[in-house]
Amino acid sequence: MASILIVEDEKNMQDIISTYMRRGGHACLTADDGVDALMLLKNNPVDLMILDIMMPNLDGFTVCKIAREMSSLPIILLTAKSAEEDKLKGYEYGADDYMTKPFSPRVLLAKVNALLRRFSAGGAEAVNAGKITVFPAARQVFVDGQEISLTHKEYELLSLFMANPGQIFSREQLLNRIWGYDFEGNTRTVDTHIKTLRQKLGSEGKRIVTLIRSGYKFEASHGGRV
């Protein structure tokens, strides 16, 4: 059982989502606005957050950005907006998935369960490359001994790269492997996440090498061109 924080100002929608999450065996916390959501996140153990974008006081984008600084928990954004730029903005702020209203609560529950499974997967042994150390069991990443905070998708990308050093991944392959075949976005999402991942890795970010017209690869032994 996971603890799910549902942030939705429409009471009817909040009740529907809560009902389906509980049917799926999860415990639920609910918030009507962004300020309450951040307080709940700060004071309660939360495994995943379902976050509406259009809310009073603090919108979902702002909440997502602040929450990501506090925790690496998976975040699913809910919105009536379907524009590509809005989705890209959500991913830039650290969201892991996106659902456009109206949506199926059953599909939302399936996405929640899939994210929770992927988030909890991993072995106990540390994985190293240069100054980067990953502890899969705890989903912790250290660079030169300092822990860094990655979003769920950034962590998945780094784990995939480190598990396959030297292998070239096209943007389409990364999109399918990390976001899934049913993802509605495009390869710009991959580029955005690679950019922020490199920034967070600091000097070690150069290990993620861009190959023109091919995609990306990870250099475990030394840094490459970016």
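Residues numbered from 1 in each chain as written. Predicted model: local features only at pLDDT ≥ 70, side-chain atom pairs only at ≥ 80, totals over all residues. Heavy atoms only, no water.

So, on to the overall build of the chain. Secondary structure summary: the chain contains eight helices and 11 strands in total. Relative to the compact-globule value of 17 Å for 226 residues, the chain shows a C-alpha radius of gyration of 18 Å, a close match. Dimensions along the principal axes, computed over C-alpha positions, put the chain at roughly 55 × 35 × 30 Å. Across the 226 residues that make up the chain, the buried fraction comes to 50%. In the chain, once contacts between residues fewer than 6 apart in sequence are set aside, the share between residues at least 24 apart is 55%. One way to put it: in the chain the 28 positive side-chain charges average out to a point 6 Å from where the 28 negative ones average out. (Helix = DSSP H or I, 4+ residues; strand = E, 2+ residues; numbered from the N terminus. Rg over C-alpha atoms; globule rule 2.2 N^0.38 Å. Buried < 20%, exposed > 50% of the residue type's maximum accessible area, 1.4 Å probe, protein only. Contact = heavy atoms within 4.5 Å. Lys, Arg positive; Asp, Glu negative; His and termini not counted. Charge placed at Lys NZ, Arg CZ, Asp CG, Glu CD.)

Moving on, we get to the packing of helix α2 (residues 34-43) against helix α3 (residues 60-70). Running from N to C, α2 and α3 cross one another at 10°; their axes reach a closest spacing of 10 Å. By the angle class used here, α2 and α3 are roughly parallel. Between α2, through Gly34, Ala37, Leu38, Leu41 and Lys42, and α3, the contact on the second element is made entirely by Val63, Ile66, Ala67 and Met70. Each residue belonging to the contact of α2 with α3 can be placed in one class, and the counts come to seven nonpolar, one polar and one charged. (Axes fitted to C-alpha atoms, helices over the stretch in contact; angles between N-to-C directions. Parallel < 35°, antiparallel > 145°, perpendicular 65-115°, else oblique. Nonpolar A, V, L, I, M, F, W, Y, C, P; charged D, E, K, R; others polar.)

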